[in-house]
Amino acid sequence: MLFRSPDVPQADRARALAMMAARVAEETRGTDVRILDLRGLTEVVDYFVVATGSSRRQMHAMADEIEAVLKKEHKDRKRGAEGYEEGRWIVLDYGDVMVHLFDADARGYWDIEHLWSDAKRVPLPAETAGATAG
């Protein structure tokens, strides 16, 4: 079931979904969590959420918790997933938002941030708070 509230514009919904996925990745000990805004660069997806996991088990925990929270909070279900069994690069497809969970080696090898270097980086809430506190 796709979350489509008439009072929430689609772009705001996608951004909120990306922010929540990033927050859950951080809470489940993902590192180097980033949100890339791909609007204007591709019509396929609005946001990438990228995070690094320390082990296959930890990446599974991240993926499972992201799925549970987005289902509960946004009434949104993933449309597909890849890489869960291998556990080196897990991709969760939420339509407008793609979540990429890498182990350190795979993240360095695929270097999505460089591949999509024209994408704007969306500050996470902690980054915004830290920028205004200093």
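Residues numbered from 1 in each chain as written. Predicted model: local features only at pLDDT ≥ 70, side-chain atom pairs only at ≥ 80, totals over all residues. Heavy atoms only, no water.

Observations regarding the overall build of the protein chain
When helices and strands are counted, the protein chain shows five helices and six strands. When the elements of the protein chain are put in sequence order from the N terminus, they spell out α-β-β-α-β-β-β-α-α-β-α. Look at the contacts in the protein chain between residues 6 or more apart in sequence, and 62% of them connect residues 24 or more apart. A total accessible area of about 7700 Å² is found for the protein chain, and carbon and sulfur atoms account for 53% of it. (Helix = DSSP H or I, 4+ residues; strand = E, 2+ residues; numbered from the N terminus. Contact = heavy atoms within 4.5 Å. Areas by Shrake-Rupley, 256 points an atom, 1.4 Å probe, with all protein chains shown as cover.)

Re the environment of Tyr47
Considering the arrangement of structural elements, one finds Tyr47 in strand E2 (residues 47-53). For the pair formed by Tyr47 and Ile35, sequence separation is twelve residues and the distance between their alpha carbons is 6.7 Å.

Quick word on the environment of Thr28
Structurally, Thr28 is set in the loop between helix H1 (10-27) and strand E1 (31-37). A C-alpha to C-alpha distance of 9.1 Å links Thr28 and Gly53, two positions 25 residues apart in sequence. The contacts of Thr28, once residues within four sequence positions are left out, are Gln58, Met62 and Glu65. Polar side-chain contacts of Thr28 include one of 3.2 Å to the backbone oxygen of Ala25. (Polar contact = N/O pair within 3.5 Å; in protein donor to acceptor, adjacent residues only side chain to side chain.)

Describing the side chain of His100
Note that His100 resides in strand E5 (residues 97-103). Accessibility expressed as a relative area gives 5% for His100, which makes it buried. Once residues within four sequence positions are removed from consideration, His100 is found in contact with Phe48, Val49, Val50, Ala51, Trp89, Ile90, Val91 and Ile112. (Buried < 20%, exposed > 50% of the residue type's maximum accessible area, 1.4 Å probe, protein only.)

Remarks on the nonpolar core
In this structure, Ile35, Val49, Ile66, Tyr94, Val97, Val99 and Leu101 are the most contacted members of the largest nonpolar core, which totals 27 residues. Among the secondary structure elements, those contributing two or more residues to this core are H1, E1, E2, helix H2 (56-74), strand E4 (89-93) and E5. Examining the composition of this core, we find that eight residues originate from one element, H1, more than from any other. Every residue in contact with Val99, bar those within four places of it in the chain, is listed here: Ala21, Val49, Ile66, Ile90, Val91, Leu92 and Tyr94. Core analysis: the next-biggest nonpolar cluster, separate from the first, contains eleven residues, Leu38, Val45, Val50 and Met98 among them. (Core = buried A, V, L, I, M, F, W, Y, C linked by side-chain atoms within 4.5 Å.)

Considering the sheet that holds E4
The strands that make up a sheet pair up through hydrogen bonds in the backbone, lying either parallel or antiparallel. Pairing in this open sheet of six strands is mixed, and the strands run E3-E4-E5-E2-E1-E6 from one edge to the other. Where the open sheet ends on each side, the last strands, each with one partner, are strand E3 (80-82) and strand E6 (120-122). Averaged over all pairs of adjacent strands, the angle between their axes in this sheet comes to 20 degrees, without regard to strand direction. The sheet contact formed by E2 and E5 spans seven bridges and is parallel. Following the sheet pairing, Phe48 is matched in E5 by Met98. Along the sheet face, H2 touches E2, E4 and E5 and points at about 165 degrees away from the line of E5. (Pairing = 2+ DSSP bridges. Axes fitted to C-alpha atoms, helices over the stretch in contact; angles between N-to-C directions.)

Nothing here speaks to function; it is all geometry.
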